[in-house]
Amino acid sequence: MSPGPARGRTPGQEGGGGRRNPVRQWQLVRAGADAVPPSTRRFMARARRRRMRAALPWAVAAGVLALAGLVAWTVLGTGLFGVREVRVVGAHLVTPVEVRDAAAVPDAAPLARVDLSATARRVRALAPVERVTVRRDWPGTLVIRVVERTPVAVVPKGERFVVLDRTGVVFQDLPRAPAGLPEIRVGAPAPDDPGTRAGLAVLAALSPRLRAELVSVDVAGLARITLRLRGDRTVFWGDATRGADKSTVATALLGRKVDTIDVSAPDVVTYQ
């Protein structure tokens, strides 16, 4: 008779012995507050406070940097504080439109990024403008204040007249001579032209009475400067040196009935 099939082993049985392995059962137990000694709890609380105090400055710095970055991006990188208006102050010989065109500031450009010095240089390139200041007026206005040149003399150029300031800069070209301005006759008026500088020096040296009688300052050469006065009178001035002495002598002789006065050597004056 053949033996029957072998029975399978059940879990926990060892071959031949029949012993069962014990089943371990684990259980988590939450310790109460009394399980941690008070000294340990105090130490851990102090450690947490130290960590919070150490981290606080870094957190504040990070917040400040983030806020500063946001403000910088808003002001410099967006159109929120962009140029909404270019206000021109002090323009009479030039129009506000000419000043704005010369300034060349794009609409809605961030106001904080406008180069004030470069803008002033571009506006100063306009001939009638002597000085320029540019400033920001938050939140969206650029203010351009111009100081224009003061006319001191005119120079005839063919059928037109050019206007000079005290430095010899030509800043206007007109069909007629403006009333009240003396005339300087010189070939090529310019700030670096010796004849222009000599004529302006003579003009600046004239007394009010002599200037009131003046028709023109004729600069035929640096040592051949002549004043033409009302009533067809002539003052031979010579060069531009000793202007105050020459003006004093010529003014003193205006009351005499003479046609010509020579003050080229103010120590030895001749007239006729």
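Everything here concerns the structure above.
All figures in this text were calculated on a predicted structure; none of them were measured in a lab.

This part covers the pairing of strand β10 (residues 233-238). Of all six residues in β10, five are buried, a share of seventy percent or more. Strand direction decides the pairing type here: strand β9 (residues 224-229) and β10, joined by five bridges, are antiparallel. Bridge pairing in β10 links Ile 225 to Gly 238. Joining the antiparallel neighbours β9 and β10 is a turn of three residues, in which Gly 231 adopts a positive phi near 80 degrees. In this sheet, strand β11 (residues 260-262) lies alongside β10 in parallel orientation, the contact comprising three bridges. Note on β11: the bridge partner recorded for Val 235 is Ile 261. For the crossover that starts at β10, traverses helix α6 (residues 243-252) and ends in the parallel β11, the hand is left-handed.

Here we take up the sheet that holds strand β1 (residues 85-89). With mixed pairing, the three strands of this open sheet are ordered in space as β1-β3-β2. For this open sheet the edge positions go to β1 and β2 (129-137), each flanked by a neighbour on one side alone. Strand-to-strand, the axes of this sheet are offset by a mean angle of 20 degrees, without reference to chain direction. Together, β1 and β3 (141-148) form the strand contacts of helix α2 (residues 96-103), whose direction differs from that of β1 by roughly 125 degrees. Against the sheet, helix α3 (residues 116-124) touches β2 and β3, its axis set at about 150 degrees to β2.

This part takes up the nonpolar core. In terms of nonpolar packing, the biggest core is built from 26 residues, with Ile 184, Leu 206, Leu 210, Val 217, Leu 227, Val 235 and Trp 237 touching the most fellow members. Within the residue set of this core, elements represented by two or more residues are β4 (153-157), β5 (160-164), α4 (194-205), β8 (214-221), β9 and β10. Looking at this core element by element, the count peaks at four residues for α4. Contacts of Val 235, omitting those with residues within four sequence positions, involve Ile 225, Thr 226, Leu 227, Leu 229, Ala 250, Ile 261 and Val 263. Grouped together as the second largest cluster of nonpolar side chains are 18 residues, Val 99, Ala 103, Val 134 and Val 146 included.

What follows deals with the side chain of Glu 183. For Glu 183, the location among the structural elements is in strand β7 (residues 183-185). Residue Glu 183 is classed as buried on the basis of its relative accessible area of 14%. Here Arg 185 takes part through its side chain, which lies 2.8 Å from a polar atom of the side chain of Glu 183.

Below, the discussion takes up the pattern of salt bridges. Taken as a whole and assessed by the stated rule, the structure comprises twelve salt bridges. In this structure, Asp 245 and Arg 242 form a salt bridge, with 3.2 Å as the shortest nitrogen-oxygen distance. Overlapping salt bridges, with partners in common, bring together Glu 183, Arg 185, Asp 218 and Arg 228 in one network.

This next bit is on the packing of α2 against α3. The geometry of α2 relative to α3 is characterised by a closest axis approach of 8 Å and an angle of 130 degrees between their N-to-C directions. Taken together, the axes of α2 and α3 are oblique relative to one another. Of the two possible hands of crossing, α2 and α3 adopt the one that is right-handed. Contacts between α2 and α3 involve Val 99, Ala 102 and Ala 103 on the former and, on the latter, Thr 119, Arg 122 and Val 123.

What counts as what
Residues numbered from 1 in each chain as written. Predicted model: local features only at pLDDT ≥ 70, side-chain atom pairs only at ≥ 80, totals over all residues. Heavy atoms only, no water. Buried < 20%, exposed > 50% of the residue type's maximum accessible area, 1.4 Å probe, protein only. Helix = DSSP H or I, 4+ residues; strand = E, 2+ residues; numbered from the N terminus. Pairing = 2+ DSSP bridges. Right-handed = clockwise from strand over helix to strand, strands pointing away. Axes fitted to C-alpha atoms, helices over the stretch in contact; angles between N-to-C directions. Contact = heavy atoms within 4.5 Å. Core = buried A, V, L, I, M, F, W, Y, C linked by side-chain atoms within 4.5 Å. Polar contact = N/O pair within 3.5 Å; in protein donor to acceptor, adjacent residues only side chain to side chain. Salt bridge = Lys/Arg side-chain N within 4 Å of Asp/Glu carboxyl O. Parallel < 35°, antiparallel > 145°, perpendicular 65-115°, else oblique. Left-handed = near helix turned anticlockwise from the far one by under 90°.

Honestly, that's just the spatial picture; any functional story needs more than this.
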